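Close look at the chain arrangement
Letter by letter, the chains look like this.
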Amino acid sequence: MNSQQQAQIASILEDEILRCAHEEFVRLNRCLPISDTATNVDRALRELQKLTRDEEPNYDEWTTLFYMLWYQPKHINLAYRILSAMSDARLAQQGRLTASGNLHVVDFGCGSLAMQFGLMLIVTDAISRGEDISQVRIDGFDTSGPMLRLGQDLWNKLLRRVKSAKHNDPWLQNMQQALDLTLALNGAVSPRVRIDEGDERWVSAIHAVYPSHVGTLRQTMQSLADTMQPTAAFMTTFSRKAHLMTQASPFENEMYQRHDVNLGAGLVGGLQQITQWRQNLVIGIDDRGGFQDQAVNAGFVRNYLKGLVNWNASDVAHLIYTRR
Ligand SMILES: C[S@@+](CC[C@H](N)C(=O)[O-])C[C@H]1O[C@@H](n2cnc3c(N)ncnc32)[C@H](O)[C@@H]1O
């Protein structure tokens, strides 16, 4: 993707993430007194703040809404950056992204489908290089219904947006092809993974490592490694949890080559509209007296929502493997 294409998709994704989140906010906020809005925002941000303490938030509807307005763009970009690094390794090894043109990805803790969006971008790149890709299957699984639902809503919106774009742009046409090729089977429980021998199989777990269940994650990843025998795998987490991620990885063995490479930047810059939306929310709550409730920590909410949203997931550790 060249810088012009990056700017184009960054702008499209920001529009659609904001549209998705704004509609969700209007739905959740309907008929609520302003004090309840403030309470819900405060609680959702406290849930997300748990991530900085390595605790797992409750990804309910309000928490998911604010996840979309901060982490979702960063994680779409992170998935794309990881896939780009892996793609570079594959191009060096075999000259193309996939050996067979049929790709099957299983994504543990898929959340709002960041990996699916990243995958669509890397497949767009491959199609743009002239590679023949005939099918992309992705099975994502996640325990949070709201995360899955908002991710699917965003995917549907992106699909409509790209389909309605003018067709004199070959790159957007390639993106439309990548979107059309993608068959997603995301769900709340571990998907029954259907293995097709001819598929190129990848496994991912993007920011899904928590100290409380490293053992369970290891078991799940081991089971995926055994059944899928993936040709590539990738995991990410905050760098302070890098050791936990390595413990949970079933790919630290001689069958897999680990690529200790620096990630490229991917999409860059600030998401000005989303930043503005978050700041306007604070002004709106303030203007309507929502912060008068003593139970709401106005300083915390103001401080949390004032920051510039950008594409860069900071402080990330990653593992990228390809099968030898
Ligand atoms: C920090 S979010 C990351 C989501 C997504 N991978 C991304 O990069 O945006 C962690 C996700 O793991 C999910 N999760 C936690 N425990 C899980 C489990 N046992 N099975 C499936 N998903 C789980 C959560 O619901 C949440 O969506």
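Look a little higher up for the structure.
An account of the accompanying structure is given in this report. Quick caveat, the model's predicted, so the values are computed rather than measured. (Residues numbered from 1 in each chain as written. Predicted model: local features only at pLDDT ≥ 70, side-chain atom pairs only at ≥ 80, totals over all residues.)

Re helix α5 (residues 114-128)
Compared with an ideal rise of 1.5 Å per residue, which puts 15 residues at 21 Å, α5 spans 21 Å between its outermost C-alpha atoms and is within 8% of the ideal. Among the 15 residues of α5, 14 are classified as buried, and the element is accordingly described as predominantly covered. At the exit of α5 stands glycine 130, carrying a positive phi of roughly 95°. (Helix = DSSP H or I, 4+ residues; strand = E, 2+ residues; numbered from the N terminus. Expected span 1.5 Å × (residues − 1). Buried ≥ 20, exposed ≤ 12 C-beta atoms within 10 Å, placed from the backbone.)

So, the sheet that holds strand β4 (residues 200-206)
Here we have seven strands laid out as an open sheet, ordered β3-β2-β1-β4-β5-β7-β6, and mixed in their pairing. One side of each edge strand has no neighbouring strand; the edge strands of this open sheet are β3 (182-184) and β6 (256-258). Taking the axes of each pair of neighbouring strands and ignoring which way they run, one obtains an average angle of 20° across the sheet. Running over the sheet, α5 touches β1 (102-108), β2 (135-141), β3 and β4 and is turned about 165° from β2. In the packing of helix α8 (residues 214-228) onto the sheet, the strands contacted are β1 and β4, and the crossing angle to β4 comes to about 170°. (Pairing = 2+ DSSP bridges. Axes fitted to C-alpha atoms, helices over the stretch in contact; angles between N-to-C directions. Contact = placed C-beta atoms within 7 Å.)

Brief notes about helix α7 (residues 170-181)
Relative to the 16 Å expected for twelve residues at 1.5 Å per residue, α7 spans 16 Å between its end C-alpha atoms, a close match to the ideal helical length. When α7 is considered as a whole, its buried residues turn out to be Leu172, Met175 and Ala178. Buried residues of α7, seen end-on, are gathered within an arc of 110° and therefore sit on one face of the element. Turned more than 90 degrees off the buried face of α7, the exposed positions are Pro170 and Asp180. Along its buried surface, α7 packs onto α5, α6 (145-164) and β3. (Arc of directions from axis to C-beta.)

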